[in-house]
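# Coordinate inspection notes
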Amino acid sequence: MKVTNERKRLLRKFYTSAGLLIIGVIIAFGHGSAMGEVFLYQNIPGSKMGFSGREVDVFNEDYEEIDVAGEDEISFMDESPASKPEEININALKNIAELRKKFYIVDKKTLMTEDYFNVDKFLNTDLKIKKNGDFPKVLIFHTHSHEMFKDSAPNNIYEGVVGAGKRLKEKLEEKGIKCIHCTDRFDMVDGKVKIIGAYERMEPAIRKILSDNPSIEVVIDLHRDGIDESKKLVTTINGKPTARLMFFNGICRILEDGKLSEIKDLQNPYVKDNLAFSFNLNLKAKQKFSGLSRGIYLNAYRYSLHMAPKSTLVEIGAQNNTKEEIFNAVDLLSEVISEVID
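Right, let's walk through the structure included here. The structure presented is a predicted model; accordingly, all values stated were derived computationally and were not measured. (Residues numbered from 1 in each chain as written. Predicted model: local features only at pLDDT ≥ 70, side-chain atom pairs only at ≥ 80, totals over all residues. Heavy atoms only, no water.)

### Side note on the overall build of the chain
In plain terms, the rule: Every helix listed is a DSSP run of H or I at least four residues long, and every strand listed is a run of E at least two residues long, numbered separately from the N terminus. Whether two residues are in contact is decided by their heavy atoms: any pair within 4.5 Å suffices. For the area figures, the Shrake-Rupley method with a 1.4 Å probe applies, and any residue is considered shielded solely by the protein chains shown.
Each helix and strand in the chain was counted, giving 7 helices and 20 strands. Across the chain, every contact between residues at least 6 apart in sequence was considered, and the portion connecting residues at least 24 apart equals 77%. Carbon and sulfur atoms form 48% of the exposed surface of the chain, whose accessible area is close to 14,900 Å².

Here is the structure:
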């Protein structure tokens, strides 16, 4: 995930020779939270990739009514935590440039447009879970289960991000929100870590859990970030060392040759619901716990967010955080989630 100048670089090219389309490999420095990972463009049936739907030409006056933010740059939020509680001016956030500045880190492969980023609609989205008996409401899983922390015991997944998911489940259930925690290892093949294909291996298993448990409304893919070792994502909240976290959205729209286009082979009917969910989670985190949230990272692709409206991907801390810092952050994240959905 791109949060420093030494992060993910995407190499993506199309080569056509004798009628054959060869799909380039995306080399990601850090996404899915482990540095230096390599993965293929997601879910491309039959080795084809294309774009469809309305194109937004950011250089064409025909689209002047659609304000955009993020073009030709990546906006990096200040990594230093605030020294006092943040006062969020909601009216100011209705300006898309101010919204991007305060809430979003925008990858240069995509853009923010007002039709997708409407603060009034975000605030008016009903994110509350239904009160209909003792059934699971939240699913927690890990597309990249191998992610560990500074003082994690080797070969014990409960010392890493899977352990963070276990604690999140426990904390939410203490608040009366029943959860399912999936510990399947989608990034392991024949006993070895294999990042390529993890999202594709994850989807059938998660869809089965959702099918078997129709009461589930919230889906959380919990990761940890991968950052430059010279940096550390930590602050102090309520006197405790606490890892900083980041929410993540893939919006299935890519900027190519000055045009923002939908990615045909990465459909997500819940993109705007996902965006409303992460906006409200980030807003609540900022209002309750100054310095906890680094913001919301936006990328062009889909990841694991297309299976339910209230889906989110959370990067909690990084490889050089301690378990204590991570678990302290998880405890606060559980409060944020419960206040938004319950």
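### A short note on the pairing of strand S13 (residues 218-225)
This is how the line gets drawn: Relative accessible area decides the class of each residue, using a 1.4 Å probe on protein chains only: under 20% of the type maximum gives buried, over 50% gives exposed, and in between gives partly exposed. Here, a strand pair is defined by DSSP locating no fewer than two bridges between the strands.
Of all 8 residues making up S13, 8 are buried, and the element is well covered by its neighbours. In this structure, strand S9 (residues 138-141) lies alongside S13, joined through 4 bridges in parallel fashion. Across the sheet, the residue bridging to Ile 140 is Ile 220, located in S13.

### Brief notes about helix H2 (residues 96-103)
The criterion, for reference: Taken from the helix axis, the directions to the C-beta atoms give the arc we talk about. Polar contacts here mean pairs of N or O atoms no more than 3.5 Å apart (in protein, one a potential hydrogen donor and the other a potential acceptor; neighbouring residues in sequence count only if both atoms are side-chain atoms).
Of all the positions in H2, only Ile 96, Leu 99, Arg 100 and Phe 103 are classed as buried. The buried residues of H2 occupy one face: seen down the axis, they fall within an arc of 100 degrees. For H2, the N-terminal capping position is held by Asn 95, with its side-chain oxygen 3.0 Å away from the main-chain nitrogen of Ala 97.

### Describing unusual backbone geometry
Even without glycine at this site, Asp 190 takes up a positive phi of about 55 degrees. Examined against the element boundaries, Asp 190 turns out to sit in the loop between strand S11 (188-189) and strand S12 (192-193). On the basis of relative accessibility, which here comes to 76%, the residue Asp 190 falls in the exposed class.

### A closer look at the sheet that holds strand S16 (residues 245-250)
Just so we agree on the cut-off: For helices, the fitted line uses only the C-alpha atoms of the stretch in contact; every axis is such a line through C-alpha atoms, and the angle between N-to-C directions lies from 0 to 180 degrees.
Pairing within the open sheet is mixed, and its 7 strands lie in the order S7-S19-S16-S20-S13-S9-S10. One side of each edge strand has no neighbouring strand; the edge strands of this open sheet are strand S7 (104-106) and strand S10 (179-181). With strand direction ignored, the average angle separating the axes of adjacent strands in the sheet is 25 degrees. With 3 bridges connecting them, S7 and strand S19 (residues 293-299) associate as parallel partners. Paired with Val 106 across the strands is Leu 298, a residue of S19. Here H2 sits on the sheet in contact with S7 and S19, set at roughly 95 degrees to S7. Each of S9, S13, S16 and strand S20 (310-318) touches helix H7 (residues 323-341); the most contacted strand, S20, lies at about 160 degrees to it.

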